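Each chain, written out:
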Amino acid sequence: VQLVESGGGLVQPGGSLRLSCAASGFTFSWYPMNWYRQAPGKERELVAGISRAGGATNYTDSVKGRFTISRDNSKNTVYLQMNSLIPEDTAVYYCQAQWIDYWGQGTQVTVSS
């Protein structure tokens, strides 16, 4: 199993980023996928999830209306479009395949002026 996150960076408040997670080593389309984040000194939290075919999504309240999770099963990739970013979104972001106990290296998102 391998999950490689990318797309993070430094962005000003109100800006946007699109995270990508390339998956390999398992049958991607069989698994719901999640994005988590972990801010310094805080526990890892679930940000968004998407069903196997992409027809159902869910979000934590703090990102509803700002973040959009999507997936492309033909590319074994899951995305997280993040708009209207605020400093509280600063964290390392990780993708995860439901039921698989594996974490990639994550990608750092920093929202600061």
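Anything mentioned here points back to the structure above.
Residues numbered from 1 in each chain as written. Predicted model: local features only at pLDDT ≥ 70, side-chain atom pairs only at ≥ 80, totals over all residues. Heavy atoms only, no water.

A. Molecular detail of the pattern of salt bridges. Going through the model one piece at a time under the given rule, you end up with four salt bridges. Its salt-bridge partner being Asp89, residue Arg37 comes within 2.9 Å of it at the nearest N-O pair. Placement of the pair is Arg37 in strand β4 (residues 33-38) and Asp89 in the loop between β8 (77-82) and β9 (91-97), with a sequence separation of 52 residues. Between Asp61 and Lys64 there is a salt bridge whose closest N-O contact spans 3.0 Å. Classification of Asp61 by relative accessible area gives exposed; the value is 62%. Of the residues examined, Lys64 reaches a relative accessible area of 49% and is grouped as partly exposed. Each of Arg37, Glu45, Arg66 and Asp89 takes part in one network of salt bridges that share partners. (Salt bridge = Lys/Arg side-chain N within 4 Å of Asp/Glu carboxyl O. Helix = DSSP H or I, 4+ residues; strand = E, 2+ residues; numbered from the N terminus. Buried < 20%, exposed > 50% of the residue type's maximum accessible area, 1.4 Å probe, protein only.)

B. Region of interest: the packing of aromatic side chains. Counted by the stated rule, this structure contains five aromatic pairs. When the ring of Phe26 is compared with that of Phe28, the centres are 6.4 Å apart and the planes differ by 50°; the resulting orientation is tilted. Residue Phe26 is classed as buried on the basis of its relative accessible area of 14%. Chaining the aromatic ring pairs together yields one cluster made of Phe26, Phe28, Tyr31 and Trp99. Across the ring face of Trp103, the terminal group of Arg44 is positioned such that the distance to the ring centre comes to 4.2 Å. A cation over a ring is seen here: Arg71 above Phe28, with NZ or CZ 4.4 Å from the ring centre. (Phe/Tyr/Trp six-rings, centres within 6.5 Å; stacked < 30°, edge-to-face > 60°. Lys NZ or Arg CZ within 6 Å of the ring centre and 35° of its normal.)

C. Geometry of the nonpolar core. Core analysis: the biggest nonpolar cluster contains 28 residues, and Trp35, Phe67, Val78, Leu80, Met82 and Tyr93 have the highest contact counts within it. For this core, the elements supplying multiple residues, two or more each, are β3 (17-24), β4, β5 (45-50), β7 (67-72), β8, β9 and β10 (107-111). In contact with Phe67, not counting residues within four places along its chain, are Arg37, Val47, Tyr59, Leu80, Gln81, Met82, Asn83, Leu85, Asp89 and Tyr93. (Core = buried A, V, L, I, M, F, W, Y, C linked by side-chain atoms within 4.5 Å. Contact = heavy atoms within 4.5 Å.)

D. Seen up close, the sheet that holds β7. With antiparallel pairing, the four strands of this open sheet are ordered in space as β1-β3-β8-β7. The sheet is open, and its two edges are formed by β1 (2-6) and β7, each paired on a single side. In this sheet, neighbouring strand axes are inclined to one another by 15° on average, regardless of whether the strands run parallel or antiparallel. Bridge analysis of β1 against β3 gives five bridges, and the strand direction is antiparallel. For Val4, the partnering residue across the bridge sits in β3 and is Ala22. (Pairing = 2+ DSSP bridges. Axes fitted to C-alpha atoms, helices over the stretch in contact; angles between N-to-C directions.)

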